[in-house]
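Given next are the chains, with one letter for each unit.
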Amino acid sequence: MTRYRKVAVGGTFDKFHKGHEALISTAFNVADEVLIGVTSDDFASYKDHQIQPCHMRIAHLRRIADSFNVKYTIKEITDANGTADVDEELDAIVVSQETEQSAVHINEIRLINGLNPLDIIVIEWVLADDDIPISSTRIRKGEIDMDGNLVY
C-alpha cells in the first residue's frame, strides 16, 4: 500500500464503533501524519438525535490516536470539507463508501483552488452480525452494539 506524507480523515465519530476504528486505523497505517476533522456541535446539530459533545468525541479520538506512533492533529470542523479543500500539505483522504462522494467534491474544489487532487482511499463497510453495515444510527436505535453484535 502507498505511504503518504499527510492524510485527512473526518467525521462526527459519535457512538465510536468498529467502522470508525477501521477508518482511523487505515489513515494511521498509510500516513506519516494524520489530520482528523471532527464535526463541531453546531455542525452535528443538523442530525435529529443527541450527539455526544464535540470535546468528548475529540478526547476519545485523542486516546485512540495516541496509540499509533504517528504525528496527528485533531481539528473541529464546521462543514463537510473541513480544511481538506485548501490544505496544500494533504496527499490523500480516507473515507467510507458512504462518504466517498464528499471526497470527490473536495477534489473538485481543490482543482478550482489550484491544488492537486487527493488520492481517495475508500474503506470497506464493517458489517454487523446481520451483514448490515455498523453505524452510529443503528447503535443509537439499539439494534446493535459498538462491536456490531445484535441487541435483543
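Here is a short report on the structure shown in this document. (Residues numbered from 1 in each chain as written. Predicted model: local features only at pLDDT ≥ 70, side-chain atom pairs only at ≥ 80, totals over all residues. Heavy atoms only, no water.)

Before going further, it helps to spend a moment on unusual backbone geometry. Within the chain, Phe13 stands out as a residue other than glycine whose phi angle is a positive 55°. Secondary-structure assignment places Phe13 in the loop between strand S1 (4-11) and helix H1 (18-30). Given a relative accessible area of 3%, Phe13 falls into the buried group. Of note, Lys15 is a non-glycine position whose phi angle comes to about 50°, a positive value. Within the secondary structure layout, Lys15 lies in the loop between S1 and H1. (Helix = DSSP H or I, 4+ residues; strand = E, 2+ residues; numbered from the N terminus. Buried < 20%, exposed > 50% of the residue type's maximum accessible area, 1.4 Å probe, protein only.)

Our focus in this paragraph is the packing of aromatic side chains. Across all of its chains, the model carries three aromatic pairs by this definition. On the basis of an interplanar angle of 35° and a centroid distance of 6.3 Å, the ring pair of Phe13 and Phe16 is categorised as tilted. Of the two residues, Phe13 and Phe16, both sit in the buried class. Taking 6.1 Å as the distance between ring centres and 70° as the angle between the ring planes, the aromatic pair formed by Phe28 and Tyr72 counts as edge-to-face. Within this pair, whereas Phe28 is found in helix H1, its partner Tyr72 is found in strand S3 (residues 71-77), the two being separated by 44 residues in sequence. One exposure class covers both Phe28 and Tyr72, and it is buried. Connected via pairs of aromatic rings, a cluster forms that spans Phe28, Phe68 and Tyr72. (Phe/Tyr/Trp six-rings, centres within 6.5 Å; stacked < 30°, edge-to-face > 60°.)

Judged by nonpolar contacts, the single largest core of 25 residues is most densely connected at Val34 and Ile36. When residues of this core are traced back to their parent elements, those giving at least two are S1, H1, strand S2 (31-39), helix H3 (54-65), S3, strand S4 (92-96) and strand S5 (119-123). Tallying contributions element by element places H1 first for this core, with five residues. Leave out the neighbours within four places in its chain, and Val34 touches Val7, Val9, Ala27, Phe28, Val70, Lys71, Tyr72 and Thr73. (Core = buried A, V, L, I, M, F, W, Y, C linked by side-chain atoms within 4.5 Å. Contact = heavy atoms within 4.5 Å.)

This part covers the pattern of salt bridges. Counted under the stated rule, the structure contains eight salt bridges. One salt bridge in this structure joins Asp41 and Arg57, with 3.3 Å as the shortest N-O distance. One end of the pair, Asp41, is in helix H2 (residues 41-44); the other, Arg57, is in helix H3, and 16 residues separate them in sequence. Judged by its relative accessible area of 40%, Asp41 falls in the partly exposed class. By sharing partners, the salt bridges in this structure join Lys6, Asp87 and Glu89 into a single network. (Salt bridge = Lys/Arg side-chain N within 4 Å of Asp/Glu carboxyl O.)

Moving on, we get to H3. The terminal C-alpha atoms of H3 lie 16 Å apart, and with 12 residues this matches the ideal 16 Å at 1.5 Å per residue to within 8%. For H3, every residue scored as buried is listed here: Cys54, Arg57, Ile58, Leu61 and Ala65. Mapping the buried residues of H3 onto a view down its axis gives an arc of 100°, with all of them on the same face. Away from its buried face by more than 90 degrees, H3 exposes His55 and Arg63. Contacts made by the buried residues of H3 are with H1, S2, H2 and S3. (Expected span 1.5 Å × (residues − 1). Arc of directions from axis to C-beta.)

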